[in-house]
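Residues per chain, in single letters:
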Amino acid sequence: MRILALAAALSLPVTGFAASGNDWNPPKPTETTKICKGKRVWDDDKKRCVRPRKSSLNQQGLLEAARELAYAGRQQDAQAVLSAIADQKDTMVLTYWGFTHRRLGNQELAQSFYDQALVQDPDNVLARSYMGQAFVEQGKYGAAKAQLKEIKARGGAGSWAEASLRSALRTGKTYDH
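Analysis parameters
- Residues numbered from 1 in each chain as written.
- Predicted model: local features only at pLDDT ≥ 70, side-chain atom pairs only at ≥ 80, totals over all residues.
- Heavy atoms only, no water.
- Buried < 20%, exposed > 50% of the residue type's maximum accessible area, 1.4 Å probe, protein only.
- Helix = DSSP H or I, 4+ residues; strand = E, 2+ residues; numbered from the N terminus.
- Contact = heavy atoms within 4.5 Å.
- Phe/Tyr/Trp six-rings, centres within 6.5 Å; stacked < 30°, edge-to-face > 60°.
- pLDDT = per-residue confidence, 0-100.
- Salt bridge = Lys/Arg side-chain N within 4 Å of Asp/Glu carboxyl O.

Points about helix H5 (residues 75-83)
Link 1 in the chain: Among the nine residues that make up H5, seven are buried, leaving the element largely enclosed by the rest of the structure.
Link 2 in the chain: Buried within H5 are the following residues: Gln75, Asp77, Ala78, Gln79, Ala80, Val81 and Leu82.
Link 3 in the chain: Buried-residue contacts for H5 involve strand E1 (41-43), helix H4 (59-71) and helix H6 (91-103).

And the structure:
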């Protein structure tokens, strides 16, 4: 049974991990951030930059593009991509709405998105990490430590989500991805 579970996990697309909180690296720049300007993404099928709603990217591709744009500091462009995703209730979409709003300084709105993500999936360790990092930015260290404890209790020990929040608590520096 363990072998089947491992085989299933290994067969998942790598992009599935990138937005989940297990990716230790910032997103690699693609044509979306190298070439496309404003609220556009690179469409491999069309070989050009297009508006997110006109792209051939699926939900995961749009989520990865939003993550890449957010990491590049293009929060409003990332939000345009997020708004093109059909399932606005998806826990990772909600997480990245929270992340982009936090990076824009909209702490209350960010918190509401993190809360929505956690209502849907209490085990979303990435939402917990980003929320904890928001708490660090606000000087609410007790609340951030509570999220760190939740991350560990929910299977996130050793993940990027856990390590980044632990580092933020130790250094006061938060992460862009």
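Focus on the packing of aromatic side chains
Link 1 in the chain: One pass over the structure, following the stated rule, counts five aromatic pairs.
Link 2 in the chain: Ring centres of Tyr96 and Tyr130 lie 6.0 Å apart, and the angle between their planes is 75°; this geometry places the pair in the edge-to-face category. Residue Tyr96 is found in helix H6, and its partner Tyr130 is found in helix H8 (residues 125-137); the two are separated by 34 residues along the sequence.
Link 3 in the chain: Residue classification places Tyr96 among the buried positions, given a relative accessible area of 2%.
Link 4 in the chain: Take Tyr130: its relative accessible area is 0%, and that puts it in the buried class.
Link 5 in the chain: Clustering of aromatic rings is evident, with ring pairs tying together Tyr96, Phe99, Tyr130 and Trp160.

Structural notes on the confidence of the model for the protein
Link 1 in the chain: Predicted confidence across the protein gives a mean pLDDT of 88, with 86% of residues reaching 70 or more.
Link 2 in the chain: For the stretch residues 1-20, pLDDT sits under 50, and the model shows 20 contacts to residues farther than four places along the chain or on other chains.

A closer look at unusual backbone geometry
Link 1 in the chain: Of note in this structure, Lys47 is not a glycine but carries a positive phi near 55°.
Link 2 in the chain: Structurally, the position occupied by Lys47 is in the loop between E1 and strand E2 (48-50).
Link 3 in the chain: Judged by relative accessible area, which is 58%, Lys47 ranks as exposed.

Some points on the pattern of salt bridges
Link 1 in the chain: Applying the stated rule across the entire model yields seven salt bridges.
Link 2 in the chain: Across the salt bridge formed by Arg102 and Glu137, the nearest N and O atoms sit 2.6 Å from each other. Of this pair, Arg102 sits in helix H6 while Glu137 sits in helix H8, and the two are 35 residues apart along the sequence.
Link 3 in the chain: Note that Glu162 is salt-bridged to Arg166, the shortest N-O span being 3.0 Å. You can see Glu162 and its partner Arg166 sitting in helix H10 (residues 160-171), four residues apart, about one turn around the helix.
Link 4 in the chain: Looking at Glu162, the relative accessible area reads 6%, which means it is buried.

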